[in-house]
Amino acid sequence: MKLNEIRTFIAVADAQSVQDAGNRLGLTQSAVSRLIQRLEAELGVTLFDRQTKPLALTRDGEVALAHARRILAATSDFADAFAGSAEPQGLLRLGVAHVLNLLAAGRPLDDLRAGFPGLTVRLLSDWSNALIEQVRAGALDGALVLLTEGQTPPEDLPAREIGREPVSIIAAAADCGQQSLAAMNARGWVLQPNGCRYRSALQTALAPLGLQPNVTVEAYDQSLLVSLVARGVGFGLAPLRLIAPAAGMVGGGMAAVRPVALPDFRLSVTVWLVRARVTGRIGPVFDRLEESLLRHLDACAPALYSAAE
């Protein structure tokens, strides 16, 4: 069965006349009759009582008309969803690297909800490499990921660099005096589990000293890690601007944790917003997210740098 048959059937039912329906549709009376007969043959029912004037629906015709209207309405909705002015809506599947959870779920998420009220955002947290593979496989529409210096997302995926961030050793305000990497390691670290790029960099920095990272607490939750650092449980690793949301949840905010200058340790990471190869009508959502992330990180900078002085 074809849409023109369904559309013609509705027109005849509304006009109660084959001739009037043909005039509305720009078809001859015989063309309208053929379309109705073809639909009746496909359904195996008689849609109209042709002995009445005006033309009346049979009981089967009344049932068919209700379904036909729903089909035509659904077809119209389907076309509207891809109209140039259509607002992105539906499900946005967004991956977020563990350390970026609070950043993405803060003001950027609020901006998306305000700009696209018909959008449902599903956030998935994982390591960056795993998220990139899920975007490539079509399981995610996009992902906010962290890559170390010199790394870039795969060339087959559209990506935008959001910011380049130095990673600092952080400590409670009382512990931020000059210390050696070996002394810090003896005290202990609060870090994310294996797979974290910061932890791998620390392991590389400790290797010449014949040491392995002395991890006292590990957790994925960045706000928990920052709170443990602020309490003096151990030293941590984090980009200052990216931990701003987590530090804001700790008493004293950024004043509760301070960066520790250490010549033996150098690391920077880059935040990338990676999109699926085809985003379709959801593309403007990523444009809005990109703008919001850039704006939010820029707003964080003055307060964080003043706190670190």
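Look up: the structure comes first, before these words.
Now for a description of the structure that goes with this document.

1. Quick notes on the packing of aromatic side chains
Then, in step 1: In the structure shown here, the tally under the stated rule is 3 aromatic pairs.
Then, in step 2: Taking 5.7 Å as the distance between ring centres and 70° as the angle between the ring planes, the aromatic pair formed by phenylalanine 9 and phenylalanine 48 counts as edge-to-face. Placement of phenylalanine 9 in helix α1 (residues 3-15) and of phenylalanine 48 in strand β1 (residues 48-49) is noted, with a sequence separation of 39 residues between them. Taken as a pair, phenylalanine 9 and phenylalanine 48 share a single burial class, namely buried.
Then, in step 3: Measuring from ring centre to ring centre gives 6.0 Å for tryptophan 189 and phenylalanine 235, while their planes differ by 55°; the resulting arrangement is tilted. With tryptophan 189 in strand β7 (residues 189-191) and phenylalanine 235 in the loop between α10 (222-230) and β9 (236-239), this residue pair connects regions lying 46 residues apart in the sequence.
Then, in step 4: The exposure class of tryptophan 189 is buried, given its relative accessible area of 0%.

2. Remarks on the nonpolar core
Then, in step 1: Among the nonpolar cores identified, the biggest contains 43 residues, and Leu100, Ile169, Trp189, Tyr198, Leu237 and Phe265 are the most heavily contacted of them.
Then, in step 2: Every residue in contact with tryptophan 189, bar those within four places of it in the chain, is listed here: Ile169, Leu181, Met184, Leu202, Asn214, Val215, Thr216, Val217, Phe235, Gly236 and Leu237.
Then, in step 3: In terms of nonpolar packing, the next biggest core, distinct from the first, is built from 18 residues, Val32, Ile36, Phe48 and Leu55 among them.

3. Re the pairing of strand β11 (residues 268-275)
Then, in step 1: With respect to burial, β11 is a largely interior element, 8 of its 8 residues being buried.
Then, in step 2: Across the two faces of β11 the burial is the same, with Ser268, Thr270, Trp272 and Val274 and Val269, Val271, Leu273 and Arg275 all buried.
Then, in step 3: Where strand β5 (residues 142-148) lies against β11, 7 bridges are found, and the strand directions are antiparallel. Each residue of the ladder has a partner; that of leucine 144, found in β11, is leucine 273.

4. Here we look at the packing of α1 against helix α3 (residues 29-43)
Then, in step 1: Contact pair α1 / α3: the axes reach a minimum separation of 9 Å and the direction vectors enclose 110°. By the angle between their directions, the pair α1 and α3 is classed as roughly perpendicular. Crossing angle aside, the handedness with which α1 passes α3 is left-handed. Of α3, the residues touching α1 (which contributes Asn4, Glu5, Thr8, Phe9 and Val12) are Val32, Leu35, Ile36, Arg38, Leu39 and Glu42.
Then, in step 2: Looking at the contact of α1 with α3, its residues break down into 6 nonpolar, 2 polar and 3 charged.

5. Quick notes on the environment of leucine 262
Then, in step 1: Structurally, leucine 262 is set in the loop between β10 (257-260) and β11.
Then, in step 2: As a C-alpha pair, leucine 262 and serine 180 span 82 residues in sequence and 7.3 Å in three-dimensional space.
Then, in step 3: When neighbours within four sequence positions are excluded, leucine 262 is seen to be in contact with Ile169, Gln179, Ser180, Leu181 and Met184.

6. Looking at the pattern of salt bridges
Then, in step 1: In the structure shown here, the tally under the stated rule is 13 salt bridges.
Then, in step 2: Between arginine 93 and aspartate 141 there is a salt bridge, and its shortest N-O distance comes to 3.0 Å. Placement of arginine 93 in strand β3 (residues 90-97) and of aspartate 141 in the loop between α7 (128-137) and β5 is noted, with a sequence separation of 48 residues between them.
Then, in step 3: Across the pair glutamate 218 and arginine 199 runs a salt bridge, and its minimum N-O distance is 2.8 Å. Placement of the pair is glutamate 218 in strand β8 (residues 215-218) and arginine 199 in helix α9 (residues 197-206), with a sequence separation of 19 residues.
Then, in step 4: Several salt bridges share partner residues, and in doing so they unite Glu133, Arg136, Asp156 and Arg277 into one network.

Quick notes on the rules
- Residues numbered from 1 in each chain as written.
- Predicted model: local features only at pLDDT ≥ 70, side-chain atom pairs only at ≥ 80, totals over all residues.
- Heavy atoms only, no water.
- Phe/Tyr/Trp six-rings, centres within 6.5 Å; stacked < 30°, edge-to-face > 60°.
- Helix = DSSP H or I, 4+ residues; strand = E, 2+ residues; numbered from the N terminus.
- Buried < 20%, exposed > 50% of the residue type's maximum accessible area, 1.4 Å probe, protein only.
- Core = buried A, V, L, I, M, F, W, Y, C linked by side-chain atoms within 4.5 Å.
- Contact = heavy atoms within 4.5 Å.
- Pairing = 2+ DSSP bridges.
- Axes fitted to C-alpha atoms, helices over the stretch in contact; angles between N-to-C directions.
- Parallel < 35°, antiparallel > 145°, perpendicular 65-115°, else oblique.
- Left-handed = near helix turned anticlockwise from the far one by under 90°.
- Nonpolar A, V, L, I, M, F, W, Y, C, P; charged D, E, K, R; others polar.
- Salt bridge = Lys/Arg side-chain N within 4 Å of Asp/Glu carboxyl O.

On their own, these measurements won't tell you what the molecule is for.
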